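Residue-level structural notes
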Amino acid sequence: MSGRTMKWFRKRTLITGLLLIMGVNIFALVGVFYNRGGIPESALRLSERELVGPYIWGSHSENSGLSLKLMWRVLRPEPTEKEKNSEDWYRYGRYSGYQGEADWLNQEKLIALGFNDGEMTFQPYGRSRFGRQLPHDVLLVLELDGAAYQAALAQAIKYNRGTTGDLKLLADEQTRNSRLFVIDAALNSDASITALRMRYPDRSRYAIVRGQIRPTWCCADTGNKISGMVSKINVDNLHVPLAMRGAFDDAKTSFEESEKTRQAHYEAVVAFGRRLEPWITATTRK
Amino acid sequence: MITSNRTDAQRRTDDIQIFNQELQRLEAERVLQLDPAQRAAIHASHQILLAAFARDFDIDRDAHARQLSLGMRIASFLGAAALAASVFFLFYQFWGWFTTPVQVLTLITAASATFVITFWIQHKDSSGYFAKLAALVAFACFVLNMVMLGQIFNITPSDKALLPWAALALLLAYALDLRLLLVAGLMCLISFVAARVGTWSGMYWLDFGERPENFFPAAIALFVVPQLFDHRRFAGFAPTFRIVALLALFLPMLLLANWGAGSYLPLSFKVTESLYQITGFVGTALAIWYGVRRQLNDVVNTSVTLFVIFLYTKMFDWWWELMPKYLFFLTLGLTAVLLLFILKRLRATNAYGPNREQGALR
């Protein structure tokens, strides 16, 4: 290639690359402005129970940024007679936790969410093939301090036998555990957002987000009850801007100091925008 | 011979050295004797040619220089990896103390500035090693740019981010003749296509790796690219396309040959695994045949390697539990000897000749 041609080629590549870098950044920032423009789709006032600071380990100790994790839960179904008589259930099965099975995610609901009717069966290859089905991207409804939380609290009271473990679970449910529950799901579309918002109009209590569900089965002793599991919310780590970090000074801690984390008291208003992406709009230290 | 790239220039330089050595031997054995005028003309022509190559392509003029070049390439790669990691951790260390506008400005400036500096270095440095190091750092800064932007604004992760990464990697690869960035760009493209194919079946894009068949369309498309677009100006690019395509096709197949649960096929796991084992054997054998026929050494070498891997994993399945260990490894060794005989025979029939496109990897 001659020197002149090389120079021309280099200049054109340079301009193309710079346009690419600038263009992509502008595209991303326009998307952010679009999401945060206008009135938020919803805005929840969350506390340290729902927004947890990161554990510090390894290279994370050098990370000067701060992100808070959204702690969401799924209400566990009422126990079967067998579970009520099982110590394992009392120890491990009672807590309505992260990534749980949901009673409302039954077979009909899964089909409505786009799972193939023909796949809702264990035949002919049994549970192993069924369990390999991949999650679908859907809309999820988060409820803050609503009926689902009250039901979890009622369960903790109902099944409290007065043991140390049961009393701790009850105390945690009253003061520490997250009050944010996934209570519904719908297909990932604009029409579904509108329909869900009509069903859950209170924008200060219900947030619509994007996440994933996958089919699973339960009741291993009886075999074949098909249900669904909420496996992930797509954006559940919230970056804290510099101006708002003061309220979260105690949020960052090491694994050994996890008790200290839970004694930090703060509130944050988390808004969800037009693309259902969250951001923190206000913070208070209590 | 038209010299359009460094590889061709290096090959011509090596040919000149070999010619001079052979000429000395022939003269010593009194087979050939050039007269002074002829000798001077050849020497002058070669000196002009070598000087031009050294100026334009920074070729290695002897074995010692070649060894140093290899060392410089390794140092360049390690340096680039270390610098890229340093940029990442530097930003990680301080970004939390910046306001959001400053964070965004820093990210965009880092990506743009390293990109510009890469071309400035290319203009100043004829060897290309420093420019290639800078290009890798520029690519790392761009990836960091988009990842951190996503973190700062809580943007939903999207497979669309893979496209600009691929675009920048390929732009730098072609501008600086850098195969490492070509591989990075191709991997981004393969991942994007696999993620899109996966979303068509309803799955979340990040799970595309859980269905290895998602990689097949991209692999086939990449294999065809060198056939459609002339890459002779870019030494080693066509073989790189083919090797990446073969790996993207057969490694997922190898995985499915041992893990039928990862397949889309509505068959039992055992049947799926058997199907992919057969497909793997037949596919790699066909690829070997194609490579031999088209004189594509890269295709033959890669396909032979993959065939052997398929064979060894199958032999492990069949015989590891059944045979005593010494007998198992003896069988593996004898299989390798058999393969050597076959390949030697292929070479002897001259079918396994010089690479047709003369784009052998450095």
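Residues numbered from 1 in each chain as written. Chains lettered and ligands numbered in written order. Predicted model: local features only at pLDDT ≥ 70, side-chain atom pairs only at ≥ 80, totals over all residues. Heavy atoms only, no water.

1. Some details on the side chain of A:E143
All names here are of chain A. Mapping E143 onto the fold places it in strand β6 (residues 136–144). Although E143 is buried, it makes no salt bridge; R205 carries the closest opposite charge, 6.3 Å away. Among the polar contacts made by the side chain of E143, one reaches the main-chain amide nitrogen of A148 at a distance of 2.9 Å. A polar contact of 3.2 Å, which involves the side chain of E143, links it to the side chain of Y206. Here E143 is in contact with A148, Y149, R179, L180, F181, I183, R205 and Y206, once residues within four sequence places are set aside. (Helix = DSSP H or I, 4+ residues; strand = E, 2+ residues; numbered from the N terminus. Buried < 20%, exposed > 50% of the residue type's maximum accessible area, 1.4 Å probe, protein only. Lys, Arg positive; Asp, Glu negative; His and termini not counted. Salt bridge = Lys/Arg side-chain N within 4 Å of Asp/Glu carboxyl O. Polar contact = N/O pair within 3.5 Å; in protein donor to acceptor, adjacent residues only side chain to side chain. Contact = heavy atoms within 4.5 Å.)

2. Side note on unusual backbone geometry
Despite not being glycine, A:L276 shows a phi value in the positive range, around 65 degrees. Assignment of secondary structure puts A:L276 in the loop between β12 (266–272) and β13 (278–285). One non-glycine residue, B:D177, adopts positive backbone phi at about 55 degrees. Among the structural elements, B:D177 can be located in the loop between α6 (162–176) and α7 (179–200).

3. Looking at the packing of helix α4 (residues 100–124) of chain B against α6(B)
All names here are of chain B. Between α4 and α6, whose axes approach to 12 Å, the crossing angle comes to 5 degrees. By the angle between their directions, the pair α4 and α6 is classed as roughly parallel. The segment α4 lies against α6, with F115, T118, F119 and Q122 engaging L168, L171, L172, A175 and L176. Taken together, the residues of the contact of α4 with α6 sort by class into 7 nonpolar, 2 polar and no charged. (Axes fitted to C-alpha atoms, helices over the stretch in contact; angles between N-to-C directions. Parallel < 35°, antiparallel > 145°, perpendicular 65-115°, else oblique. Nonpolar A, V, L, I, M, F, W, Y, C, P; charged D, E, K, R; others polar.)

4. Thoughts on the packing of aromatic side chains
Residues and elements named next belong to chain B. Under the criterion given, the structure shown has 21 aromatic pairs over all chains. Arranged with centres 6.3 Å apart and planes meeting at 50 degrees, the rings of F216 and Y276 form a pair that is tilted. Of the two residues, F216 sits in helix α8 (residues 216–228) while Y276 sits in helix α10 (residues 269–293), which places them 60 residues apart along the sequence. Summarising the burial analysis for this pair, F216 and Y276 share the class buried. A connected cluster of aromatic rings, assembled from ring pairs, spans F316, W320, F328 and F329. The side chain of K325 reaches across the aromatic face of W320, ending 4.6 Å from its centre. (Phe/Tyr/Trp six-rings, centres within 6.5 Å; stacked < 30°, edge-to-face > 60°. Lys NZ or Arg CZ within 6 Å of the ring centre and 35° of its normal.)

5. Looking at the confidence of the model for chain B
All names here are of chain B. In this model, chain B carries an average pLDDT of 86, and 92% of its residues clear a pLDDT of 70 or more. Counting interchain partners and residues more than four positions distant, the pLDDT-below-50 stretch residues 356–362 has 19 contacts. Here the predicted complex scores 0.84 on pTM and 0.88 on ipTM. (pLDDT = per-residue confidence, 0-100.)

6. As for the environment of B:L265
Residue and element names in this part refer to chain B. Turning to its location among the elements, L265 is positioned in the loop between α9 (237–258) and α10. Look at L265 and you get partly exposed, because its relative accessible area is 25%. Spatially, the C-alpha atoms of L265 and D14 are 53 Å apart, while their sequence positions differ by 251 residues.

7. Considerations on helix α5 (residues 129–152) of chain B
End to end, α5(B) covers 34 Å across 24 residues, agreeing with the expected 34 Å (1.5 Å per residue, within 8%). Counted residue by residue, α5(B) has 19 buried out of 24 residues, so it is predominantly covered. (Expected span 1.5 Å × (residues − 1).)

8. A word on the pairing of strand β7 (residues 180–187) of chain A
Residue and element names in this part refer to chain A. In terms of burial, β7 is largely enclosed, as 7 of its 8 residues are buried. In terms of strand pairing, β6 meets β7 through 7 bridges, oriented antiparallel. In the strand pairing of β7, L140 is matched with A185. (Pairing = 2+ DSSP bridges.)

9. What to know about the nonpolar core
In this structure, B:F142, B:L172 and B:L181 are the most contacted members of the largest nonpolar core, which totals 74 residues. It is α9(B) that provides the largest number of residues to this core, a total of 12 residues. When residues of this core are assigned to domains, at least three map to each of domain 2 (65–155) and domain 3 (178–362) of chain B. Setting aside its immediate chain neighbours within four residues, B:L172 contacts B:F115, B:T118, B:F119, B:A135, B:A138, B:F139, B:D177 and B:L181. Within the second largest apolar cluster, 36 residues are counted, among which are A:L66, A:V230, A:V270 and A:F272. (Core = buried A, V, L, I, M, F, W, Y, C linked by side-chain atoms within 4.5 Å. Domains from an automatic or database assignment.)

10. A look at the interface of chain B and chain A
Across the boundary between the two partners, chain B contributes 56 residues, which contact 44 residues of chain A. Carbon and sulfur atoms supply 62% of the area buried between chain B and chain A, which totals about 4400 Å² over both sides. In terms of surface lost to chain A, no three residues of chain B exceed B:Y92, B:N154 and B:Y204, which account for 15% of the buried area on that side. Across the chain B-chain A interface, the total number found is 13 residue pairs in polar contact (both at pLDDT 80 or more). Breaking the side of chain B that touches chain A down by element, the ones donating at least two residues are α3 (63–94), α4, α5, α6 and α10 of chain B. For the side of chain B that touches chain A, the leading source of residues is α4(B), giving 11 residues. Residues of the side of chain B that touches chain A, tallied by class, amount to 33 nonpolar, 19 polar and 4 charged. (Buried area = accessible area lost by both parts, 1.4 Å probe.)

11. Some thoughts on the sheet that holds β13(A)
Consider a sheet: its strands pair through backbone hydrogen bonds, and that pairing is either parallel or antiparallel. Residues and elements named next belong to chain A. Read across the open sheet, the 3 strands follow the order β1-β12-β13; overall the sheet is antiparallel. With one partner strand each, in any of the chains shown, β1 (42–47) and β13 form the two edges of the open sheet. For this sheet the average axis-to-axis angle between neighbouring strands, irrespective of direction, equals 20 degrees. Relative to β13, β12 runs antiparallel, the two being bridged by 7 bridges. Directly across from Y266, in β13, lies its bridge partner R285.

12. With respect to the domain arrangement of chain B
Residues and elements named next belong to chain B. Domain assignment breaks chain B into domain 1 (1–61), domain 2 (65–155) and domain 3 (178–362). For domain 2 and domain 3, the distance between their C-alpha centroids amounts to 32 Å. Between domain 2 and domain 3, the residue contacts involve 6 residues of the former and 5 residues of the latter. Here domain 2 packs against domain 3, burying approximately 570 Å² in sum over the two surfaces, 81% of which is carbon and sulfur. Considering only the surface of domain 2 that becomes buried against domain 3, K132, L136 and F139 emerge as the three largest contributors, covering 63% of it. For the interface between domain 2 and domain 3, the tally reads 0 residue pairs in polar contact (both at pLDDT 80 or more). The set of elements that each furnish at least two residues to the side of domain 2 that touches domain 3 consists of α3 and α5. Among the elements that line the side of domain 2 that touches domain 3, the one with the most residues is α5, at 4 residues. When its residues are assigned to classes, the side of domain 2 that touches domain 3 shows 4 nonpolar, no polar and 2 charged.

13. Things to note about the side chain of B:N214
All names here are of chain B. Note that N214 resides in the loop between α7 and α8. In this structure N214 comes out as buried when scored by relative accessible area, which is 0%. One polar contact links the side chain of N214 to the main-chain carbonyl oxygen of F208, over a distance of 3.1 Å.

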